[in-house]
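Now for the letters of each chain:
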Amino acid sequence: MNTLLRCGFTYQFPMDRHPDHAERSPYFDSLTEFTGLRTFDEDSPEFDGYDSWLEDGYVQPPLLYCDAGTDLWRRMVASGELHGPDAAPLRPVPLIDVVRDIAVAAEKEQDRDLIGLWYSFGCETLLGGPAGCPYDIDELISMTAVQDLRAVVRRTEALSLAESSPYASPVEFADDQDLESWWWQL
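Reference entry: report on the structure contained in this document. (Residues numbered from 1 in each chain as written. Predicted model: local features only at pLDDT ≥ 70, side-chain atom pairs only at ≥ 80, totals over all residues. Heavy atoms only, no water.)

With respect to the overall build of the protein chain
Within the protein chain, the regular secondary structure consists of 10 helices and 4 strands. Its helices and strands in sequence order give the protein chain the pattern α-β-α-β-β-β-α-α-α-α-α-α-α-α, from N to C terminus. In terms of overall dimensions, the protein chain is more spread out than a globule: its C-alpha atoms have a radius of gyration of 22 Å, far above the 16 Å expected for 186 residues. Once the C-alpha set of the protein chain is aligned to its principal axes, its extents read approximately 60 × 40 × 30 Å. Burial statistics for the protein chain: of 186 residues in total, 33% are counted as buried. If you take every contact in the protein chain between residues at least 6 apart in sequence, the share linking residues at least 24 apart comes to 57%. For the protein chain, the computed accessible surface area is about 11400 Å², with 52% contributed by carbon and sulfur atoms. Side chains of the protein chain give 13 positive and 35 negative charges; the mean places of these two sets differ by 8 Å. (Helix = DSSP H or I, 4+ residues; strand = E, 2+ residues; numbered from the N terminus. Rg over C-alpha atoms; globule rule 2.2 N^0.38 Å. Buried < 20%, exposed > 50% of the residue type's maximum accessible area, 1.4 Å probe, protein only. Contact = heavy atoms within 4.5 Å. Areas by Shrake-Rupley, 256 points an atom, 1.4 Å probe, with all protein chains shown as cover. Lys, Arg positive; Asp, Glu negative; His and termini not counted. Charge placed at Lys NZ, Arg CZ, Asp CG, Glu CD.)

Here's what the structure looks like:
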């Protein structure tokens, strides 16, 4: 949780700062353990499962939490509880940037397995998704996140771990032999 708070993914407030606290104070005052605040009507035609349980925040008394981009986060921004960079609209972060940051952190922790695991997903997944990688080799070579990730893999000698991962895409099954071959040649 400390990492999520420090990175601005999650925000923490006293429970009485919840926008509904004044009208629902007996409810909030009765909470004594971790509780998700979203309520569900399973009989409603709009009910589509429990995946949205974080949208209205959660409490670990005496604190209220909301994740960036959720319904509660938007309400906290609108009420002025969050401002400045914390109130800025979220922007998508390319997966390759996230994987690079994970690899850099894993290198500091000497976690070669984690580095190898992420690298094993290959360029088609890390840079493209189901439609494949939209870049050519020259474009990949110029991407800072790709350069950094490959440097970590080289320094930690994690390529062999990546190649032996059950998630590795063998070159013979790749859509673009040249691109995948380049990925596995450090």
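Structural notes on the environment of Arg112
Within the secondary structure, Arg112 sits in helix 5 (residues 112-120). Overall, the relative accessible area of 37% leaves Arg112 in the partly exposed class. Separated by 52 residues in the primary sequence, Arg112 and Ser164 have C-alpha atoms spaced 13 Å apart. Beyond its immediate stretch of four places on either side in the chain, Arg112 contacts Thr156, Glu157, Ala158, Ser160 and Leu161.

Quick notes on the packing of aromatic side chains
Evaluated as defined, the whole model comprises 13 aromatic pairs. Here the aromatic rings of Tyr58 and Tyr65 are separated by 5.6 Å at their centres, their planes lie at 10°, and the arrangement is stacked. One exposure class covers both Tyr58 and Tyr65, and it is buried. A network of ring pairs unites the aromatic residues Phe34, Trp53, Tyr58 and Tyr65 as a single cluster. Here the guanidinium or amino end of Arg150 rests over the ring plane of Trp182, the centre of that ring lying 3.9 Å away. (Phe/Tyr/Trp six-rings, centres within 6.5 Å; stacked < 30°, edge-to-face > 60°. Lys NZ or Arg CZ within 6 Å of the ring centre and 35° of its normal.)

Describing the sheet that holds strand 1 (residues 10-14)
Pairing in this open sheet of 4 strands is antiparallel, and the strands run 1-4-3-2 from one edge to the other. Looking at which strands have only one partner, the edges of the open sheet turn out to be strand 1 and strand 2 (35-36). Pairing of strand 1 with strand 4 (residues 63-67), which is carried by 5 bridges, proceeds in the antiparallel orientation. Looking at strand 4, one finds that Phe13 is bridged to Leu64. (Pairing = 2+ DSSP bridges.)

Things to note about unusual backbone geometry
Residue Pro62 is bonded to the preceding Pro61 through a cis peptide linkage, with omega at 15°. Here Pro62 shows up in the loop between strand 3 (58-60) and strand 4. In the Ramachandran plot, Gln110 falls in the positive-phi region, its phi being about 55° despite a non-glycine side chain. Relative to the assigned elements, Gln110 resides in the loop between helix 4 (95-108) and helix 5. Under the relative-accessibility criterion, Gln110 is labelled exposed at 73%. In this structure, Glu157 takes a positive phi of about 55° despite not being glycine.

Overview of the nonpolar core
Ranked by internal contacts, the top residues of the largest apolar core, which has 24 residues, are Ile96, Tyr119, Leu127, Leu140, Leu149 and Trp183. Taken together, the elements giving at least two residues each to this core come down to helix 4, helix 5, helix 6 (122-127), helix 8 (144-156), helix 9 (159-163) and helix 10 (177-184). With 14 residues, the next largest nonpolar core counts Phe28, Leu31, Leu37 and Leu82 among its residues. (Core = buried A, V, L, I, M, F, W, Y, C linked by side-chain atoms within 4.5 Å.)

Considerations on helix 3 (residues 71-78)
For helix 3, the set of buried residues is Leu72, Trp73 and Met76. Down the axis, helix 3 shows its buried residues gathered within 100° of arc, on one side only. Positive backbone phi, at 90°, marks Gly80, one or two positions downstream of helix 3. (Arc of directions from axis to C-beta.)

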